[in-house]
Each structure stands twice: as C-alpha cells, then as structure tokens.
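Descriptive structure summary
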Amino acid sequence: MKSVTEFWVHTLTKGISTKADLVAQGKSPEEVQTALGEAFKYEGDKLKHFAAAIEVANENKEKLSRVLVVALADGETAPPKSVKVEEHHYVPEFQAAPRAVNLAKPEARGGGSNKGKAKGGPKESPWGMTPEQKAAKKAGSAANKASKA
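Since the model is a prediction, treat every value here as computed from it, not as a measurement.

About the criteria used
Residues numbered from 1 in each chain as written. Predicted model: local features only at pLDDT ≥ 70, side-chain atom pairs only at ≥ 80, totals over all residues. Heavy atoms only, no water. Helix = DSSP H or I, 4+ residues; strand = E, 2+ residues; numbered from the N terminus. Buried < 20%, exposed > 50% of the residue type's maximum accessible area, 1.4 Å probe, protein only. Contact = heavy atoms within 4.5 Å. Areas by Shrake-Rupley, 256 points an atom, 1.4 Å probe, with all protein chains shown as cover. pLDDT = per-residue confidence, 0-100. Phe/Tyr/Trp six-rings, centres within 6.5 Å; stacked < 30°, edge-to-face > 60°. Core = buried A, V, L, I, M, F, W, Y, C linked by side-chain atoms within 4.5 Å.

Let's talk about the overall build of the chain
Across its full length, the chain carries four helices and four strands. Along the chain, helices and strands appear, N-terminal first, in the series β-α-α-α-β-β-β-α. The buried share among the 149 residues of the chain stands at 24%. Within the chain, contacts between residues at least 6 apart in sequence are counted, and of these 63% link residues at least 24 apart. Here the chain displays about 11,700 Å² of accessible surface, and carbon together with sulfur accounts for 54% of that area.

Given below as structure tokens:
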C-alpha cells in the first residue's frame, strides 16, 4: 500500500461546510469543485482527491481523524471501510477510544522490610509540627516522665 496524500479532519470539516454552502447556492458540481480548489488552494489531482475525501468524510463523521488516499499494489486487499474511486482507495482513520484506568490497588507482595515506609501515619504538614503541636508533645513527654518516677 502506497500513500498518495492525506486530509486531516479539520480541513475536511471546512470542506464539507463549504461544499454544503455552494450546493445551497445552486452551483453545479463542476462549479463546486472549482470553488473548493480556489478556497483550499488545491488543483489537479490533489483537488480531485480532496473532493472524493470530502465524500468519504461525510459518510464517516463520527470520531474521524483523517482520510488517507492510497494506491494498492497487485494482490493487496483494501482496508475496511475504504472507498475505491478510480484507481485510489480512500481510507478513513478514526480516533482511538481512551482506555479505562485501572483503579484497583496493587496486590501486596509478601515479606520485605519497612525501609522507606512512613511511620505513624500521614503527616499533617510538609513543614513539620506547628509550635502548638511541639508544646503539646513536650507537655505529654513531661507528664510521662513524672508518672514513671
């Protein structure tokens, strides 16, 4: 499979709306193609491919990413959803759906040391204890010493 050209979804979307406006004005198919060439600065084969890619994009609007224009060698099979126009195939590519995030906790592995693990639970502040907490700790340790003596 040899890639000839590609058209991204934002260009195709603009092309679809431009073509719809021109058809609504009552333009003939030749006038529509000429106007598309002037609007998007395409000519020759590129314009012919763009007009066909607009038709493919119009049929596959849901999650479309781009339309590839490819030429198949002898013996190659056409990709799914491709449309053959003359000797080229127009292949729509779609955005991949995001994968689900695994929120399950990892399984605990057995054994091991406590190296690197926090002791006593989470800290209240990343800057250490407040002056009030320090005073309460001193008072608690002084009470423990007095009760042991």
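And the narrative resumes.
Let's talk about the side chain of His-89
Note that His-89 resides in strand β4 (residues 88-94). We classify His-89 as buried; its relative accessible area is 10%. Setting aside anything within four residues of it in sequence, one finds His-89 in contact with Leu-68, Val-69, Val-70, Leu-72, Ala-78, Ser-82, Val-83 and Lys-84.

What to know about the confidence of the model for the chain
The predicted model of the chain averages 84 in pLDDT, with 87% of residues at 70 or higher. The secondary-structure element of the chain with the lowest mean pLDDT is helix α4 (residues 131-148), recorded at 83, while helix α1 (residues 9-24) shows the highest, at 93.

Here we look at the packing of aromatic side chains
Applying the stated rule across the entire model yields five aromatic pairs. Ring centres of Phe-40 and Tyr-42 lie 6.4 Å apart, and the angle between their planes is 15°; this geometry places the pair in the stacked category. A relative accessible area of 18% means that Phe-40 is categorised as buried. The class for Tyr-42 is buried, based on a relative accessible area of 19%. Judged by centre distance (4.9 Å) and plane angle (50°), the ring pair of Phe-40 and Phe-50 falls under tilted.

Things to note about the nonpolar core
As a rule of thumb, soluble globular proteins bury nonpolar side chains together. With 19 residues, the main nonpolar core has Phe-7, Leu-12, Leu-36, Phe-50, Val-67 and Tyr-90 as its most contacted residues. Elements represented by at least two residues in this core include exactly α1, α2 (29-40), α3 (45-59) and β2 (64-71). No other element matches the seven residues that α3 contributes to this core. If we ignore the near neighbours within four places in the chain, the residues touching Tyr-90 are Lys-48, His-49, Ala-52, Ala-53, Val-56, Val-67, Leu-68, Val-69, Lys-81, Ser-82, Val-83 and Val-85.

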